[in-house]
Amino acid sequence: MDADEHSDAPSNAIARHFQNLTVKVIEDGVGPITGSIPYAEARLSKAMSAAGAPIIDSDGVPLRDHASKEAIERVIDRLVKESVAAASTNGFVTGLGGFVAMPVTLPANIAGSLVINARLVGSIAYLRGYDISDPHFQTFIVLTTAGGTLAGSLQAAGVKVGAKLTAHMIKAIPIAVIRKINAQVGFMLLAKYGTQRSAITLAKGIPIAGGLVGAGMDAALTALVGRAAKANFPASI
(Lines give C-alpha, C1' and ligand atoms only; values in the text may rest on other atoms or scores of the structure.)
Protein backbone atom coordinates (compact mmCIF):
# COMPACT_ATOMS: atom_id res chain seq x y z
CA MET A 1 0.00 0.00 0.00
CA ASP A 2 1.48 3.38 -0.98
CA ALA A 3 1.28 6.58 1.09
CA ASP A 4 -1.81 7.90 -0.69
CA GLU A 5 -3.71 4.64 -0.21
CA HIS A 6 -2.72 4.61 3.48
CA SER A 7 -3.89 8.21 3.99
CA ASP A 8 -7.18 7.44 2.29
CA ALA A 9 -7.87 4.36 4.41
CA PRO A 10 -9.82 6.19 7.16
CA SER A 11 -12.01 7.94 4.58
CA ASN A 12 -12.65 4.65 2.81
CA ALA A 13 -13.68 3.02 6.08
CA ILE A 14 -16.00 5.86 7.03
CA ALA A 15 -17.57 5.91 3.57
CA ARG A 16 -18.22 2.16 3.79
CA HIS A 17 -19.69 2.62 7.26
CA PHE A 18 -22.08 5.30 6.00
CA GLN A 19 -23.09 3.07 3.10
CA ASN A 20 -23.59 -0.01 5.27
CA LEU A 21 -25.59 1.97 7.79
CA THR A 22 -27.88 3.26 5.05
CA VAL A 23 -28.56 -0.25 3.73
CA LYS A 24 -29.17 -1.54 7.27
CA VAL A 25 -31.70 1.22 7.93
CA ILE A 26 -33.54 0.45 4.71
CA GLU A 27 -33.72 -3.28 5.38
CA ASP A 28 -33.87 -3.70 9.16
CA GLY A 29 -33.89 -0.31 10.84
CA VAL A 30 -31.54 0.75 13.63
CA GLY A 31 -32.39 0.52 17.33
CA PRO A 32 -35.94 1.81 17.85
CA ILE A 33 -36.09 3.01 14.25
CA THR A 34 -37.91 0.45 12.10
CA GLY A 35 -36.91 -0.39 8.54
CA SER A 36 -38.48 1.24 5.50
CA ILE A 37 -41.12 -1.44 4.84
CA PRO A 38 -42.57 -1.67 8.38
CA TYR A 39 -42.54 2.12 8.61
CA ALA A 40 -44.38 2.54 5.29
CA GLU A 41 -46.86 -0.25 6.02
CA ALA A 42 -47.68 1.12 9.49
CA ARG A 43 -48.38 4.60 8.14
CA LEU A 44 -50.42 3.18 5.27
CA SER A 45 -52.47 1.09 7.70
CA LYS A 46 -53.13 4.11 9.85
CA ALA A 47 -54.18 6.21 6.86
CA MET A 48 -56.50 3.53 5.50
CA SER A 49 -58.11 2.99 8.91
CA ALA A 50 -58.66 6.72 9.34
CA ALA A 51 -60.33 6.83 5.92
CA GLY A 52 -62.62 3.94 6.83
CA ALA A 53 -61.09 1.59 4.28
CA PRO A 54 -61.13 -2.12 5.15
CA ILE A 55 -57.77 -3.55 6.16
CA ILE A 56 -57.43 -6.76 4.18
CA ASP A 57 -55.22 -9.57 5.41
CA SER A 58 -54.57 -11.79 2.40
CA ASP A 59 -52.00 -14.24 3.73
CA GLY A 60 -49.31 -11.67 4.30
CA VAL A 61 -49.91 -9.63 1.14
CA PRO A 62 -48.76 -6.09 2.01
CA LEU A 63 -51.26 -3.25 2.28
CA ARG A 64 -49.33 -1.50 -0.44
CA ASP A 65 -50.76 -3.99 -2.92
CA HIS A 66 -54.34 -3.26 -1.81
CA ALA A 67 -54.15 0.53 -1.57
CA SER A 68 -55.11 2.91 -4.35
CA LYS A 69 -52.47 5.09 -5.98
CA GLU A 70 -54.16 8.12 -4.47
CA ALA A 71 -53.92 6.64 -0.96
CA ILE A 72 -50.28 5.76 -1.47
CA GLU A 73 -49.41 9.25 -2.68
CA ARG A 74 -51.13 10.79 0.34
CA VAL A 75 -49.11 8.54 2.63
CA ILE A 76 -45.89 9.46 0.81
CA ASP A 77 -46.61 13.16 1.32
CA ARG A 78 -47.29 12.42 4.98
CA LEU A 79 -44.02 10.50 5.34
CA VAL A 80 -42.08 13.43 3.90
CA LYS A 81 -43.72 15.89 6.33
CA GLU A 82 -43.19 13.53 9.26
CA SER A 83 -39.55 12.97 8.36
CA VAL A 84 -38.90 16.70 7.92
CA ALA A 85 -40.34 17.28 11.40
CA ALA A 86 -38.20 14.47 12.82
CA ALA A 87 -35.07 15.86 11.16
CA SER A 88 -35.83 19.30 12.56
CA THR A 89 -36.15 17.91 16.06
CA ASN A 90 -32.98 15.86 15.65
CA GLY A 91 -31.07 18.89 14.42
CA PHE A 92 -32.36 21.12 17.24
CA VAL A 93 -31.79 18.72 20.12
CA THR A 94 -28.28 17.77 19.03
CA GLY A 95 -27.38 21.43 18.40
CA LEU A 96 -28.26 22.77 21.85
CA GLY A 97 -25.10 21.82 23.69
CA GLY A 98 -22.66 24.13 21.95
CA PHE A 99 -18.96 23.40 21.59
CA VAL A 100 -18.74 21.68 24.99
CA ALA A 101 -21.02 18.82 23.96
CA MET A 102 -20.05 18.78 20.28
CA PRO A 103 -17.84 15.65 20.33
CA VAL A 104 -20.94 13.71 21.35
CA THR A 105 -23.78 15.58 19.68
CA LEU A 106 -22.32 16.08 16.19
CA PRO A 107 -21.87 12.35 15.47
CA ALA A 108 -25.37 11.75 16.85
CA ASN A 109 -26.79 14.46 14.61
CA ILE A 110 -25.06 13.11 11.52
CA ALA A 111 -26.27 9.57 12.22
CA GLY A 112 -29.78 10.77 13.06
CA SER A 113 -30.12 12.76 9.86
CA LEU A 114 -28.81 9.88 7.76
CA VAL A 115 -31.16 7.35 9.38
CA ILE A 116 -34.22 9.56 8.96
CA ASN A 117 -33.47 10.26 5.30
CA ALA A 118 -32.52 6.68 4.39
CA ARG A 119 -35.71 5.29 5.88
CA LEU A 120 -37.76 7.92 4.06
CA VAL A 121 -36.24 7.16 0.64
CA GLY A 122 -36.64 3.42 1.14
CA SER A 123 -40.27 3.88 2.18
CA ILE A 124 -41.10 6.01 -0.86
CA ALA A 125 -39.47 3.50 -3.20
CA TYR A 126 -41.33 0.65 -1.52
CA LEU A 127 -44.71 2.36 -1.65
CA ARG A 128 -44.18 3.14 -5.31
CA GLY A 129 -43.80 -0.60 -5.96
CA TYR A 130 -40.02 -1.11 -6.06
CA ASP A 131 -38.29 -4.14 -4.57
CA ILE A 132 -36.00 -2.43 -2.09
CA SER A 133 -34.11 -5.67 -1.40
CA ASP A 134 -32.89 -5.75 -5.01
CA PRO A 135 -29.23 -4.59 -5.33
CA HIS A 136 -30.10 -2.33 -8.28
CA PHE A 137 -32.73 -0.42 -6.36
CA GLN A 138 -30.74 -0.42 -3.12
CA THR A 139 -27.89 1.32 -4.89
CA PHE A 140 -30.22 4.05 -6.10
CA ILE A 141 -31.92 4.38 -2.71
CA VAL A 142 -28.51 4.99 -1.15
CA LEU A 143 -27.65 7.35 -4.00
CA THR A 144 -30.86 9.32 -3.42
CA THR A 145 -30.16 9.51 0.31
CA ALA A 146 -26.80 11.03 -0.62
CA GLY A 147 -28.54 13.63 -2.78
CA GLY A 148 -27.62 12.14 -6.15
CA THR A 149 -29.78 11.62 -9.21
CA LEU A 150 -30.25 8.40 -11.15
CA ALA A 151 -29.90 10.00 -14.56
CA GLY A 152 -26.79 11.95 -13.65
CA SER A 153 -25.03 8.97 -12.11
CA LEU A 154 -25.89 6.71 -15.03
CA GLN A 155 -24.67 9.25 -17.56
CA ALA A 156 -21.44 9.64 -15.58
CA ALA A 157 -21.05 5.86 -15.76
CA GLY A 158 -21.44 5.99 -19.54
CA VAL A 159 -25.06 4.82 -19.73
CA LYS A 160 -27.40 6.75 -22.01
CA VAL A 161 -30.82 7.26 -20.45
CA GLY A 162 -34.07 8.72 -21.66
CA ALA A 163 -36.20 11.39 -20.07
CA LYS A 164 -37.77 8.98 -17.60
CA LEU A 165 -36.39 5.84 -16.01
CA THR A 166 -38.66 2.94 -15.11
CA ALA A 167 -38.18 -0.05 -12.83
CA HIS A 168 -37.67 -2.31 -15.84
CA MET A 169 -35.01 0.00 -17.23
CA ILE A 170 -33.21 0.12 -13.89
CA LYS A 171 -33.31 -3.68 -13.59
CA ALA A 172 -31.76 -3.93 -17.06
CA ILE A 173 -28.71 -1.87 -16.10
CA PRO A 174 -25.61 -4.10 -16.23
CA ILE A 175 -24.35 -5.15 -12.81
CA ALA A 176 -20.92 -3.76 -13.72
CA VAL A 177 -22.47 -0.29 -13.95
CA ILE A 178 -24.28 -0.79 -10.66
CA ARG A 179 -21.01 -1.74 -9.01
CA LYS A 180 -19.32 1.33 -10.48
CA ILE A 181 -22.01 3.62 -9.06
CA ASN A 182 -22.06 1.67 -5.80
CA ALA A 183 -18.34 2.29 -5.37
CA GLN A 184 -19.01 6.05 -5.25
CA VAL A 185 -22.15 6.34 -3.15
CA GLY A 186 -20.36 5.82 0.16
CA PHE A 187 -18.17 8.85 -0.54
CA MET A 188 -21.24 10.82 -1.61
CA LEU A 189 -22.85 10.00 1.73
CA LEU A 190 -19.68 11.02 3.53
CA ALA A 191 -19.65 14.33 1.68
CA LYS A 192 -23.34 15.04 2.29
CA TYR A 193 -23.50 14.00 5.93
CA GLY A 194 -19.90 14.54 6.93
CA THR A 195 -17.50 16.96 5.26
CA GLN A 196 -20.12 19.36 3.89
CA ARG A 197 -21.45 19.83 7.43
CA SER A 198 -18.24 21.50 8.63
CA ALA A 199 -19.76 24.96 8.19
CA ILE A 200 -22.73 23.92 10.32
CA THR A 201 -20.30 22.80 13.01
CA LEU A 202 -19.17 26.38 13.55
CA ALA A 203 -22.73 27.68 13.70
CA LYS A 204 -23.62 25.02 16.26
CA GLY A 205 -20.94 26.40 18.58
CA ILE A 206 -23.47 28.94 19.86
CA PRO A 207 -25.99 27.27 22.21
CA ILE A 208 -29.69 27.63 21.28
CA ALA A 209 -28.82 29.47 18.06
CA GLY A 210 -26.84 26.41 17.01
CA GLY A 211 -29.91 24.30 17.64
CA LEU A 212 -32.00 26.51 15.41
CA VAL A 213 -29.42 26.38 12.63
CA GLY A 214 -29.19 22.61 12.93
CA ALA A 215 -32.96 22.23 12.87
CA GLY A 216 -33.31 24.37 9.76
CA MET A 217 -30.47 22.71 7.87
CA ASP A 218 -31.53 19.15 8.67
CA ALA A 219 -35.18 19.85 7.86
CA ALA A 220 -34.22 21.46 4.54
CA LEU A 221 -31.99 18.51 3.62
CA THR A 222 -34.76 16.00 4.39
CA ALA A 223 -37.24 17.99 2.30
CA LEU A 224 -34.80 17.92 -0.63
CA VAL A 225 -34.18 14.20 -0.19
CA GLY A 226 -37.94 13.56 -0.12
CA ARG A 227 -38.43 15.43 -3.40
CA ALA A 228 -35.50 13.57 -4.97
CA ALA A 229 -36.95 10.22 -3.90
CA LYS A 230 -40.31 11.04 -5.47
CA ALA A 231 -38.53 12.00 -8.69
CA ASN A 232 -36.08 9.08 -8.74
CA PHE A 233 -38.76 6.46 -8.07
CA PRO A 234 -41.77 7.40 -10.19
CA ALA A 235 -45.17 5.86 -9.52
CA SER A 236 -45.75 4.60 -13.06
CA ILE A 237 -43.52 1.56 -13.09
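Each value, and the rule that gives it
The residue count restarts for each chain, going from 1 along the sequence in the order it is written. Restriction of local features to residues with pLDDT of at least 70 applies here, the model being predicted, together with a cutoff of 80 or more for giving and counting side-chain atom pairs; totals for whole chains, interfaces and linings are based on all residues. The basis for the side-chain values is all heavy atoms of the structure; hydrogens and waters are excluded. As a per-residue quantity, pLDDT reports the predictor's confidence and falls between 0 and 100. By the criteria applied, helices consist of DSSP H or I runs no shorter than four residues and strands consist of E runs no shorter than two, each listed in order from the N terminus. Only heavy atoms enter the contact rule, under which two residues are in contact if any of them lie within 4.5 Å. Here's how the labels work: a residue is buried when its accessible area is under 20% of the maximum for its type, exposed when over 50%, partly exposed in between, all with a 1.4 Å probe on protein chains only. In protein, a polar contact means a hydrogen-donor-capable atom and an acceptor-capable atom, both N or O and within 3.5 Å, with residues adjacent in sequence counting only if both atoms are side-chain atoms; elsewhere, any N or O pair within 3.5 Å suffices. Aromatic pairing here means that ring centres of Phe, Tyr or Trp (its six-membered ring) are within 6.5 Å. Orientation follows from the plane angle: under 30 degrees is stacked, over 60 is edge-to-face, and everything else is tilted. Note on criteria: charge over ring means Lys NZ or Arg CZ within 6 Å of the ring centre, with the direction from the centre no more than 35 degrees off the ring normal.

Side note on the confidence of the model for the protein
For the protein, the mean per-residue pLDDT works out to 74, and 66% of the residues sit at or above 70. Per-element confidence in the protein is highest for helix H5 (residues 135–145), whose mean pLDDT is 90, and lowest for helix H9 (residues 198–203), whose mean pLDDT is 43. The model gives residues 3–7 a pLDDT under 50, and that stretch makes one contact with residues more than four places away or in other chains. In this model, residues 196–213 is a region of pLDDT below 50 whose contacts with residues beyond four sequence positions or in other chains number 38 contacts.

Description of H5
Along an α-helix, residues three or four positions apart point the same way, because every turn accommodates 3.6 residues. In terms of burial, H5 is largely enclosed, as 10 of its 11 residues are buried. Of the residues making up H5, those classed as buried are His136, Phe137, Gln138, Thr139, Phe140, Ile141, Val142, Leu143, Thr144 and Thr145. Near the N-terminus of H5, the side chain that reaches the backbone nitrogen of His136, with its oxygen 2.8 Å away, is that of Asp134. Two residues or fewer after H5 comes Gly147, characterised by a positive phi angle close to 90°.

A short note on the packing of aromatic side chains
Aromatic ring pairs are described here by two measures, namely the spacing of the ring centres and the angle between the planes. For the structure shown, the criterion picks out two aromatic pairs. With a centroid separation of 5.3 Å and 80° between ring planes, the pair formed by Tyr130 and Phe137 is classed as edge-to-face. For the residue pair Tyr130 and Phe137, the accessibility class agrees, reading buried in each case. For the pair Tyr130 and Phe233, a centre-to-centre distance of 5.1 Å together with 80° between the ring planes defines the contact as edge-to-face. Separated by 103 residues along the polypeptide, Tyr130 in the loop between helix H4 (102–127) and H5 and Phe233 in the segment after helix H10 (209–232) bring together distant segments of the chain. Accessibility assignment for this pair places Tyr130 and Phe233 in one class, buried. Three or more aromatic residues link up through ring pairs in this structure, and these residues are Tyr130, Phe137 and Phe233. The ring of Tyr39 has Arg119 lying over it, and the distance from NZ or CZ to the ring centre is 3.6 Å.

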